[in-house]
2 protein chains.
Amino acid sequence: MTASGSPEKNPAQAGRHNLDPHLDRYAARTSGMTASEIRALFAVASRPEVVSLAGGMPNLAALPLDSLSAQVAEIIAEDGLVALQYGSAHGVPALREQICEIMAMEGISAHPDDVVVTVGSQMGLDMVTRLFCDPGDVVIAEGPSYVGALGSFTAYQANVVHVTMDDDGLVPEALREALTQAERAGKRVKFLYTIPNFHNPAGVTLAVERREEILEICRAHDVLVVEDNPYGLLGFDGQTYPALRSTDPDNVVYLGSFSKTFASGLRVGWVLAPHAVREKLVLAAESATLCPPTFNQMIVSRYLATHDWKGQIKTFRENYRERRDAIISGLEQHMPAGSSWTHPDGGFYVWVTVPEGVDTKAMLPRAVTARVAYASGTGFYADGFGSRQMRLSYCYPTPERIREGVRRLAAVLESEMDLVRTFGTVTPRAVSGPQSPSPDTA
Amino acid sequence: MTASGSPEKNPAQAGRHNLDPHLDRYAARTSGMTASEIRALFAVASRPEVVSLAGGMPNLAALPLDSLSAQVAEIIAEDGLVALQYGSAHGVPALREQICEIMAMEGISAHPDDVVVTVGSQMGLDMVTRLFCDPGDVVIAEGPSYVGALGSFTAYQANVVHVTMDDDGLVPEALREALTQAERAGKRVKFLYTIPNFHNPAGVTLAVERREEILEICRAHDVLVVEDNPYGLLGFDGQTYPALRSTDPDNVVYLGSFSKTFASGLRVGWVLAPHAVREKLVLAAESATLCPPTFNQMIVSRYLATHDWKGQIKTFRENYRERRDAIISGLEQHMPAGSSWTHPDGGFYVWVTVPEGVDTKAMLPRAVTARVAYASGTGFYADGFGSRQMRLSYCYPTPERIREGVRRLAAVLESEMDLVRTFGTVTPRAVSGPQSPSPDTA
């Protein structure tokens, strides 16, 4: 037993001069965990003089803080011993009922028992992946896709296969093709991860006439659908679309969130799961956080019960529409020929393709120096694609700042294109093989 | 491409008559996810006439709700747009500084940068396991161990090896033996998971003179230490112990929580990690929940800055000491010969061994019928051990209810022993092989 203490058997001693002495101890899944591109630049990009079109922070300025303040006080004064106590991993029953009423606005008929409240819909996504994905399993996702989803898929060592979108969202024929190819290759596809409405980052919406076809394809290939819908109520004309879940309750797991329609900092989201899946989901959630914060659930529940929350969403929508108009007119006015972009009818994002030869990832530090930040397209792909794309978020800055940001961005692009014309492509290296969802910017 | 729609290629059709049509889709890790024993009885056990010695809910009655109510209102009124907005996955800086001050009470010297705020320390545990455990890796844990930890280890398919405790906590020689055996068997041990103070569920504390030895053994075997310390400030005489982390900052990951010293329903805990680990931990946390709730962190931070939180902990301690006295005197008075129990100096739990022949898991439904609930010992072992043990929680009920509960429990035990004397053991079946941490009660 003493032999174990001898130096030649002690790898900790041997590794002591490594930068990270724990390097040999990490799980395999950590090899895909790398900081996002923008984070490396965060200290600079968050300076007030930089217009950030990079983040996805909702604009909360319109929230009724005075009445919210009174309500949180009431909850603690009247019901504090419940609000500050552990709850169930399933979530507060009253809130789960209200969530069903919200989902009814997009055609969903559901029982509150099948709703599981989560710490933001990110946790819902992580739990669904925990339930379904073994290492090496395939998840189909739109290309581009939500960076946080790619992070969860990486954490469970699932492989992402991207399926192309057009202005009407996910292309059914491309989905069919991808599924068939994966089957031929002997891969196990666990689910389609899709954001049908006001896509992050693409800014497009899945056409209603495609929805049944997508569901049919997934059923035919025995693939679950994970429908992520944080922006569904933020259509700029007040339009909503029938949720995929509304017509296929047995094969769709639906993720919802209060982060964009109320308050992101409360971290309250939910999963609506097929009944058979729900119990396992609660167990998974219990192992992850025991339960979501009780107080936060009670805040959301009281807000829904007492505020004109639909009116509040209307106000949010109008704020975002004004900002969407600002960014689109800025793009039309300033962007160099050879650029193109999507035309979002809701949500937070425009997806921009820049002229050939420009690498958005390589350009990012120069853009930040020119006091504008964006998210380069590569972060939204698991396969290294996206170097000619960028995501512009119009949700947070004022319309004036947005226009100024686009002006600066266009100027950076112009000088980048000068470089391209003079020296050829400024792409630092060819894209080769899969990259992590959020590679570091060197 | 149309062939994929044909019935013979459609497993979804074939499986449609299963109870759970998603059965073939779950990840391998879900096979270990089963509901806890007590949950099956929850509806009955939570009736007011049942004395529950089963749960671990802190007793919050002494919290200053009026001033808390005023403070949460102030936070929203004065700083609502920050409180209700996304924050970083790392956590609110002011809170991380205060956490360092708290940890200093147990001899820890740490930089706020190395603290990562989590959604309760359960999430910290889950993230640490995510970082370090591949399927099949071994985690060493005390036997018995915290059921929520076993749940996380199961979720990442780690194998738990239990090490015995005595009244002075984890037995160093047994730890050395377990590590040596695991090495000989070619297993990869990733960390020792330990609750040194006022152990859940065992109610014992690791002797100070053992602490250095435990750390030395782990270093010698190149095994990380995960120190879980939710109860450290709840020593009934105000005593604290030097944290393992205090003398070994490079090889200990420390988990802390406000759930037992302030408010469990806010779900605010933390991880103090070696510097090299911390960045990966933040990335893992980001993939799990994006960030912990900002508002909740600000509530804890303001509470620490403005309340006499040490005085509040003293009040909590006194409440729990009174309850500990009630349960110990009840046990001494009523328990049948052949029973034994630990003598906690802090925390929430007594670990009871019942007379030979009695199976606490089999007895549980009969106890609930007799209006007393406990947690049977098997839930605290990954290997099926614990059928002669039970955890009694004295944290929540009043001292009178606790005494009544123990009376009822003793009566149930007496009639159980009558059965044993008449029919032999009432153990329904021999323990065979590993069980999940929280098997269902059939």
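Residues numbered from 1 in each chain as written. Chains lettered and ligands numbered in written order. Predicted model: local features only at pLDDT ≥ 70, side-chain atom pairs only at ≥ 80, totals over all residues. Heavy atoms only, no water.

Caption draft 1: Broad picture of the packing of helix H4 (residues 65-83) of chain B against helix H13 (residues 294-306) of chain B. All names here are of chain B. Look at H4 against H13: their axes get within 10 Å of each other, and the N-to-C directions meet at 130 degrees. Taken together, the axes of H4 and H13 are oblique relative to one another. Taken as a pair, H4 and H13 cross one another with a handedness that is right-handed. Contacts between H4 and H13 pair Leu68, Gln71, Val72, Glu74, Ile75, Ile76, Glu78, Asp79, Val82 and Ala83 from the former with Thr294, Phe295, Met298, Ile299, Arg302, Tyr303 and Thr306 from the latter. (Axes fitted to C-alpha atoms, helices over the stretch in contact; angles between N-to-C directions. Helix = DSSP H or I, 4+ residues; strand = E, 2+ residues; numbered from the N terminus. Parallel < 35°, antiparallel > 145°, perpendicular 65-115°, else oblique. Left-handed = near helix turned anticlockwise from the far one by under 90°. Contact = heavy atoms within 4.5 Å.)

Caption draft 2: The pattern of salt bridges, seen in detail. Tallied over the entire structure, the rule returns 36 salt bridges over all chains. Between B:Arg403 and B:Glu400 there is a salt bridge, with its nearest N and O atoms 3.8 Å apart. Taken together, the positions of B:Arg403 and B:Glu400, both in helix H16 (residues 399-423) and 3 residues apart, correspond to about one turn of that helix. Ionic contacts of the salt-bridge type, sharing partners, join the residues A:Glu74, A:Glu78 and A:Arg302 into one network. (Salt bridge = Lys/Arg side-chain N within 4 Å of Asp/Glu carboxyl O.)

Caption draft 3: Broad picture of the pairing of strand S14 (residues 389-393) of chain A. Residues and elements named next belong to chain A. Taken across its 5 residues, S14 has 5 buried, putting it largely inside the fold. Here strand S11 (residues 349-353) runs beside S14; their pairing, made up of 5 bridges, is antiparallel. Note on S14: the bridge partner recorded for Val352 is Met390. As paired strands, strand S13 (residues 375-376) and S14 are joined by 2 bridges and run antiparallel to one another. The residue bridging Ser376 from the neighbouring strand is Met390, located in S14. (Buried < 20%, exposed > 50% of the residue type's maximum accessible area, 1.4 Å probe, protein only. Pairing = 2+ DSSP bridges.)

Caption draft 4: Quick peek at the relation of the copies chain B and chain A. It takes a turn of 180 degrees to lay chain B on chain A, together with a shift of 0.0 Å along the axis; the resulting RMSD is 0.0 Å. Such a turn and shift between the copies fits a two-fold axis. Minimal C-alpha distance to the rotation axis in chain B is attained by B:Ala73, lying at 2.6 Å. Of the interface residues in chain B, 99% have counterparts in chain A that sit at the interface too, so the contact is made through matching surfaces. (Least-squares fit on C-alpha atoms with pLDDT ≥ 70 in both.)

Caption draft 5: Quick look at the packing of aromatic side chains. Within this structure, the stated rule accounts for 31 aromatic pairs over all chains. Between the aromatic rings of A:Phe295 and B:Phe295, the centroid separation amounts to 5.8 Å while the plane-to-plane angle is 35 degrees, which identifies the pairing as tilted. With one member in each of two chains, A:Phe295 in helix H13 (residues 294-306) and B:Phe295 in helix H13 form a pair that bridges those chains. The class for A:Phe295 is buried, based on a relative accessible area of 0%. With 3.7 Å between their ring centres and 5 degrees between their planes, B:Phe262 and B:Tyr303 make a pair best called stacked. Of this pair, B:Phe262 sits in helix H11 (residues 259-263) while B:Tyr303 is found in helix H13, placing the two residues 41 residues apart along the sequence. (Phe/Tyr/Trp six-rings, centres within 6.5 Å; stacked < 30°, edge-to-face > 60°.)

Caption draft 6: Focus on the sheet that holds S11(A). Read across the open sheet, the 4 strands follow the order S10-S11-S14-S13 (chain A); overall the sheet is antiparallel. Of all strands in the sheet, those with a lone pairing partner are strand S10 (340-341) and S13 of chain A, marking the two edges.

Caption draft 7: Region of the structure containing the UniProt feature "domain: Aminotransferase class I/classII large" (unreviewed entry) in chain A. UniProt's feature table lists "domain: Aminotransferase class I/classII large" (unreviewed entry) at residues 71-409 of chain A, given in the numbering used throughout. Between the C-alpha atoms that bound residues 71-409 of chain A the distance is 43 Å, and the span itself is 46% helix and 17% strand. (UniProt positions renumbered as here; feature names shortened; annotations may be inferred.)

Caption draft 8: Quick look at the environment of B:Asp168. All names here are of chain B. Position of Asp168 among the secondary structure elements: in the loop between strand S4 (159-166) and strand S5 (169-170). Here the alpha-carbon distance between Asp168 and Gly311, two residues 143 residues apart in the chain, equals 28 Å. Leaving out residues up to four positions away in the same chain, Asp168 has contacts with Thr205, Leu206, Ala207 and Arg210.

Caption draft 9: Expanded view of the nonpolar core. Counting residues in each nonpolar core, the largest one holds 160 residues, and the members touching the most others are A:Phe295 and B:Phe295. With near-sequence residues (within four places) excluded, B:Phe295 lies in contact with A:Val72, A:Gly265, A:Leu266, A:Phe295, A:Ile299, B:Val72, B:Ile75, B:Ile76 and B:Ala83. (Core = buried A, V, L, I, M, F, W, Y, C linked by side-chain atoms within 4.5 Å.)

Caption draft 10: Representation of the sheet that holds strand S13 (residues 375-376) of chain B. With antiparallel pairing, 4 strands are arranged side by side in an open sheet as S10-S11-S14-S13 (chain B). The open sheet has two edge strands with one neighbour each: strand S10 (340-341) and S13 of chain B.

Caption draft 11: View of the side chain of A:Asp228. All names here are of chain A. Residue position: Asp228 is located in strand S7 (residues 224-228). No salt bridge is formed by the buried Asp228, whose closest oppositely charged neighbour, Lys260, lies at an N-O distance of 7.8 Å. If we skip the residues at most four places from it in the chain, Asp228 touches Ser121, Leu125, Tyr146, Tyr193, Thr194, Ile195, Pro196 and Leu255. (Lys, Arg positive; Asp, Glu negative; His and termini not counted.)

Caption draft 12: View of H13(A). The terminal C-alpha atoms of H13(A) lie 18 Å apart, and with 13 residues this matches the ideal 18 Å at 1.5 Å per residue to within 8%. Burial of H13(A) is extensive: 10 of the 13 residues sit out of reach of the surface. (Expected span 1.5 Å × (residues − 1).)

Caption draft 13: Structural detail: the confidence of the model for chain A. Residue and element names in this part refer to chain A. Residues at a pLDDT of 70 or more form 91% of chain A, whose mean pLDDT is 91. Across residues 1-16, confidence stays below pLDDT 50; counting only partners more than four residues off in sequence or on other chains, it has 16 contacts. Low pLDDT, under 50, characterises residues 429-442; the predicted model gives this stretch 37 contacts beyond four residues in sequence or across chains. (pLDDT = per-residue confidence, 0-100.)

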